[in-house]
2 protein chains.
Amino acid sequence: MEQNNLAGIRQYIGQNRERFYEELFSLLRIPSVSAQKEHHPDMLACAERMAELLREAGCDEAGVYPTDGNPVVFGQKILDPSLKTVLVYGHYDVQPAEPLEKWNSDPFEPVIHDGAIWGRGANDDKGQSFMHIKAFEYLVRTGKLTHNVKFVFEGEEEIGSKHLAGWVAGHKEMLACDVILVSDTTMISDKVPSINCGMRGVTYLQLDVKGPDKDLHSGHYGGAVANPINTLCDMISSLIDKDGRVTIPGFYDDVVEVSDADRAELARAPFDLEEYKESIGVRELKGEKGFTTIERTAIRPCLDVCGIWGGYTGAGSKTVLPSEAHAKISMRIVPNQKADRIIALAEEHLKAIAPPYVTVNIERMDAGNGFLIPITSSAYKAASAAMTEVYGIEPVPSRGGGSICVLAEMRNILGADPLLMGFGLERDTIHSPNESYLIRQFEAGMESIALFYEYWK
Amino acid sequence: MEQNNLAGIRQYIGQNRERFYEELFSLLRIPSVSAQKEHHPDMLACAERMAELLREAGCDEAGVYPTDGNPVVFGQKILDPSLKTVLVYGHYDVQPAEPLEKWNSDPFEPVIHDGAIWGRGANDDKGQSFMHIKAFEYLVRTGKLTHNVKFVFEGEEEIGSKHLAGWVAGHKEMLACDVILVSDTTMISDKVPSINCGMRGVTYLQLDVKGPDKDLHSGHYGGAVANPINTLCDMISSLIDKDGRVTIPGFYDDVVEVSDADRAELARAPFDLEEYKESIGVRELKGEKGFTTIERTAIRPCLDVCGIWGGYTGAGSKTVLPSEAHAKISMRIVPNQKADRIIALAEEHLKAIAPPYVTVNIERMDAGNGFLIPITSSAYKAASAAMTEVYGIEPVPSRGGGSICVLAEMRNILGADPLLMGFGLERDTIHSPNESYLIRQFEAGMESIALFYEYWK
């Protein structure tokens, strides 16, 4: 019986593979970059295409719902209100493709080679969202669907999901469900399937440091006037101490110390430090003292400068003492830390440490909490059984360093736990040039999702 | 007699003012930005135009001389080999105009308003070089020329004058002179004419810090992998200590301690700290402990970051742990410090402090020495007398923080001292958007230069 079920979805994939690529590529070709205003029309086009795909796959209804930001795509098929209801969450917006010159092919003209699909969004999250549509299509067309299924695809995940929680709160009845099923994360490695049962939150701000009211000649003024770039570097450098700890007062106040037992559980996940370093091309790692590499991303908060700029950045050697310098700073936070409090503490601290020879401006950009989900639920167990059958290995429960902050909010509003079946791999370099998605993971994902429905009684 | 001489040049300016603007504007319209490769054809066009202006002004010969970089313009009028010879030095290349959006008018379409000429190069150094051509023209056309005059205008001053010293060494006989006359500096203020008798040297390098071999997701890796931007900030922050001193070992070894008498002489120059701060829009100044603001730029070396970039710098909030970060760093040095040694020390130090989790690459860009010139020479005295007559105030000998490194080399090769009659003002914001040159300084410059020839017997 089990073999038959897996054989069924495998056969369906084999019969429809080329159509699946065509449909997915139609999504990937739309440059739905939510961070860049010029792509606003692409957001609408991509939302419409998602809704169309939902209708074609078997939804009774699917449409594009406006918000104060980018629209939400919602579709559903209700078999019987007494049945369990799965709410699939994904997002159709993508990260900016820049720096364009580092791509080996056009980020918005997907190609297949080396066993993978290459293009912006191939994995994050068009590729992973698409797996759910196709697994659903398989169940509908083969008469195997035994759940009510609802889909929510938002267009602002990469810019902090500012409008989704409000929309969800306004459509609470329509979205009522028993589980929020999500594929927007990675596995530990391609040898170790895993199910993500915790995520960090994220806060993001832009720090602008202004010195003189115009760019100055670095010869005439250098040495006598504080340079805003040097000052920005001083401020940033002071934010992390020699033990790798963030120096913002109160930053760690709400961090729950993880028990030794839980740390031992985390340490069970196979992890090869040398392989990890090699996969990202670094000789040594750096992080908070007293924690392992896995712990540093799973259970500890951190601070990273995501971008910095100021002065002359062109070719050659312009001698200038610039007027301004800027940095974009993200802070990942762990469950129980409150995003709003952390970003307020950061703002307060940055203002407090700004020297009197500069003025600073801080723009708060994103703030969202992390969360933890129970591995004792029937949904988690069904997902684990499905992936065990597909991979031949029982998946490891893991905690991811990334953030899908809106899931914490949806969980609160809808009263249902998220279930994070992610099929990405580190090699996919989401958020970077040459994003890709391995075809064997794409197909294992569709298989696992189809089986999840069959196992979750 | 003196009044007559000043009256003569003033009358000549009055009669030719519109033509002077037209001719100067023909230079300013050529975007001869030496730092930007795409402007290579403009360098040649600008050099040809300079040579043409020299011929029209009265040079017996003037031409464009190729080098391995941008060509040198040379022209001369030899009255009698037994007479004193003035070699005028200037440059026809300009700084990049970026950031373009901060200009109130097109940087390469000069305009006149508010008593000034506005455009890139209006002062530095097309405007100031042009004064010499017109003062010479006046002396030639009125039969008052009593010196041999040679002109050298280079096209690489803003990028370190890489090829001029070699060219000068190869044309030593042709360039033989008694003084190297230069207008490429500023006065202390518009109320205080000054003659610059010392300049700092400059060294410039680009520091590239590389971490992971690709941009990483800041959630998946943040906290576990060293961020190259944070690392670059740490490195930069460590280069200046809490007393404002550069921490590179050996950096101050060759700095000559200036005597109390000389420091007292420097302090005689009128200087209003509040006015200075107001002119650049800062509330407080910052510099090396134990030195005044004037001293910090005149007799002390310094280090400034002229540009920094890395990661995501576009709109919105891209969460990325970037692969690379970069900075352009200039170090101004004082006479007796050797540029080659300083840049070698800096490179050695940056490599030494680079943490093991990044690789650094250092590109040496410019290196040139500073110099001091005697105020007891007959040429200095003639310049002082000329400016006293024009301004009605005796000029103050000053030491400038800027750098024209090639003058130190020309002085060694030709055995003649530079004489720095600069007519720029701080308000001109050379190297910044909205560069301008006050017409009253432009004209006072032509007057002073014409009188200099008459006073220097």
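Report follows, based on the coordinates. Model, not experiment: these values are computed from the prediction.

**What to know about the overall build of chain A**
Then, in step 1: The secondary structure content of chain A amounts to 13 helices and 18 strands.
Then, in step 2: On C-alpha atoms alone, chain A measures out to a radius of gyration of 23 Å, which is about the 23 Å that the 2.2 N^0.38 rule sets for 457 residues.
Then, in step 3: For chain A, the spread of C-alpha atoms along the principal axes amounts to about 80 × 50 × 45 Å.
Then, in step 4: The burial tally for chain A puts 64% of its 457 residues in the buried class.
Then, in step 5: Long-range pairs, those at least 24 residues apart, make up 80% of the contacts in chain A between residues at least 6 apart in sequence.

**Here's the deal with the sheet that holds strand β9 (residues 201-210) of chain A**
Then, in step 1: Taken together, eight strands build an open sheet; the order of strands is β14(A)-β9(A)-β13(A)-β11(A)-β11(B)-β13(B)-β9(B)-β14(B) and the sheet is antiparallel. Because the sheet does not close on itself, it has two edges, and the strands there are β14 (359-368) of chain A together with β14 (359-368) of chain B. Across the sheet, the mean angle separating the axes of adjacent strands is 20° when strand polarity is ignored.
Then, in step 2: Here 10 bridges tie β9(A) to strand β13 (residues 324-333) of chain A, and the two strands are oriented antiparallel to one another.

**A few points about the packing of helix α6 (residues 228-237) of chain A against helix α6 (residues 228-237) of chain B**
Then, in step 1: Where α6(A) contacts α6(B), the axes come no closer than 8 Å and their chain directions differ by 115°. Classified by the angle between their axes, α6(A) and α6(B) sit roughly perpendicular to one another. Read as a crossing pair, α6(A) and α6(B) show a hand that is left-handed. Contacts between α6(A) and α6(B) involve Asn230(A), Cys233(A), Asp234(A), Ile236(A) and Ser237(A) from the first element and Asn230(B), Cys233(B), Asp234(B), Ile236(B) and Ser237(B) from the second.
Then, in step 2: Grouping the constituent residues of the contact of α6(A) with α6(B) by class yields four nonpolar, four polar and two charged.

**Concerning the sheet that holds strand β18 (residues 436-438) of chain A**
Strand pairs in the sheet, formed through backbone hydrogen bonds, run parallel or antiparallel to each other.
Residue and element names in this part refer to chain A.
Then, in step 1: With respect to topology, three strands assemble into an open sheet ordered β4-β5-β18, the strand pairing being antiparallel. Both outer strands of the open sheet, β4 (111-113) and β18, are each paired with one neighbouring strand and no more. Each adjacent strand pair in this sheet contributes to an overall mean axis angle of 25°, direction not counted.
Then, in step 2: Summarising the sheet, β4 and strand β5 (residues 116-118) pair through three bridges and their orientation is antiparallel. Bridging across to β5, Ile 112 finds its partner in Ile 117.
Then, in step 3: Where helix α13 (residues 439-455) meets the sheet, it contacts β4, β5 and β18, and its direction lies at approximately 65° from that of β18.

**Focus: the nonpolar core**
Then, in step 1: Leu207(A) and Leu207(B) are the most contacted members of the largest nonpolar core, which has 69 residues in total.
Then, in step 2: In this structure, Leu207(B) is in contact with Leu232(B), Met235(B), Ala325(B), His326(B), Ala327(B), Ile329(B), Leu350(B), Val360(B), Asn361(B) and Ile362(B), ignoring residues within four places of it in sequence.

Analysis parameters
Residues numbered from 1 in each chain as written. Chains lettered and ligands numbered in written order. Predicted model: local features only at pLDDT ≥ 70, side-chain atom pairs only at ≥ 80, totals over all residues. Heavy atoms only, no water. Helix = DSSP H or I, 4+ residues; strand = E, 2+ residues; numbered from the N terminus. Rg over C-alpha atoms; globule rule 2.2 N^0.38 Å. Buried < 20%, exposed > 50% of the residue type's maximum accessible area, 1.4 Å probe, protein only. Contact = heavy atoms within 4.5 Å. Pairing = 2+ DSSP bridges. Axes fitted to C-alpha atoms, helices over the stretch in contact; angles between N-to-C directions. Parallel < 35°, antiparallel > 145°, perpendicular 65-115°, else oblique. Left-handed = near helix turned anticlockwise from the far one by under 90°. Nonpolar A, V, L, I, M, F, W, Y, C, P; charged D, E, K, R; others polar. Core = buried A, V, L, I, M, F, W, Y, C linked by side-chain atoms within 4.5 Å.

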